[in-house]
Amino acid sequence: MKTPVLILASRSPRRKELLSLLGVRFRTLPVDTNETFDPLKTIEENVTAIALQKAEAAWSMLHKPNENVMVIGADTVVALGSSVLGKPGSCEEAVHMLQKLQNTTHKVHTGFALLSSGNSYSECATTTVEFEPMSEHDIKRYLDRVKPFDKAGSYGIQDPLMACHVRRIDGCYYNVVGLPVSRLCLALKRYFPEI
């Protein structure tokens, strides 16, 4: 069987790094899609639907897709109860988000979708995260040094300075970074057992 051609529909350097953990060759194809949530769907359904939209957008850009091509789309959000914390629009919003995440647990949901000729698969992975309390000084220091303004919830669990404040996680660590590697690997093996 031919080695599959994997295409990651993302410009995220973190997702690119995580997909490389599988030890397979792939290329990236960044796409722009409407990431608006449908209020009639759950958070999990929304991130999964957005992941599929990203995969479909990348698929439509391919010149000659075939059965050996698999497009991967993904979307990650941080949720505090029923509130979704996206990427902050300002430093003030980032401070507010990190303050809201103190002394409580929150969930990180990543939806991913696989799309190829005649095949489509999607699922959502969820990880629960709990922070140690961060003081105003801790939050300001983190934001000043790391500037995580491109990250949902205003933080990256992989940032060394944030690692000092993570009390506990329940679920896949890589899911919080942006791609549930073990779940993705299992899903890809359905179509390409040699992975």
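To keep things clear, this report deals only with the structure shown in the data block.

Cut-off values and rules
- Residues numbered from 1 in each chain as written.
- Predicted model: local features only at pLDDT ≥ 70, side-chain atom pairs only at ≥ 80, totals over all residues.
- Heavy atoms only, no water.
- Helix = DSSP H or I, 4+ residues; strand = E, 2+ residues; numbered from the N terminus.
- Buried < 20%, exposed > 50% of the residue type's maximum accessible area, 1.4 Å probe, protein only.
- Contact = heavy atoms within 4.5 Å.
- Phe/Tyr/Trp six-rings, centres within 6.5 Å; stacked < 30°, edge-to-face > 60°.
- Core = buried A, V, L, I, M, F, W, Y, C linked by side-chain atoms within 4.5 Å.
- Patch = residues over 30% accessible without salt bridge, like charges linked within 9 Å, V, L, I, M, F, W, Y side chains within 5 Å.
- Areas by Shrake-Rupley, 256 points an atom, 1.4 Å probe, with all protein chains shown as cover.
- Salt bridge = Lys/Arg side-chain N within 4 Å of Asp/Glu carboxyl O.

To continue, consider the side chain of R14. Assignment of secondary structure puts R14 in helix 1 (residues 13–20). Judged by its relative accessible area of 18%, R14 falls in the buried class. The contact partners of R14, leaving out residues within four places of it in the chain, are D150, K151, Q158 and V177.

Looking now at the packing of aromatic side chains. If you walk through the whole model with that rule in mind, you get three aromatic pairs. A ring pair is formed by Y173 and Y174, whose centres lie 5.5 Å apart and whose planes are at 70 degrees; its orientation type is edge-to-face. Using a relative accessible area of 34% as the deciding quantity, one classes Y173 as partly exposed. By relative accessible area, Y174 is classed as partly exposed at 36%.

Another point: the nonpolar core. Among the nonpolar cores identified, the biggest contains 39 residues, and L98, L101, L114, Y142, Y155, L184 and L188 are the most heavily contacted of them. Sort the elements by how many residues they give to this core and strand 3 (residues 69–80) lands first, with five residues. Among the nonpolar cores identified, the runner-up in size contains 13 residues, and L29, V31, L62 and L115 belong to it.

This part takes up the environment of A79. By the element assignment, A79 lies in strand 3. Spatially, the C-alpha atoms of A79 and I43 are 8.1 Å apart, while their sequence positions differ by 36 residues. Every residue in contact with A79, bar those within four places of it in the chain, is listed here: I43, V84, H106, K107 and H109.

Together, L21, Y173 and Y174 line one region of the surface with nonpolar side chains, adding up to about 280 Å² of accessible area. Within the secondary structure, L21 sits in the loop between helix 1 and strand 2 (26–28).

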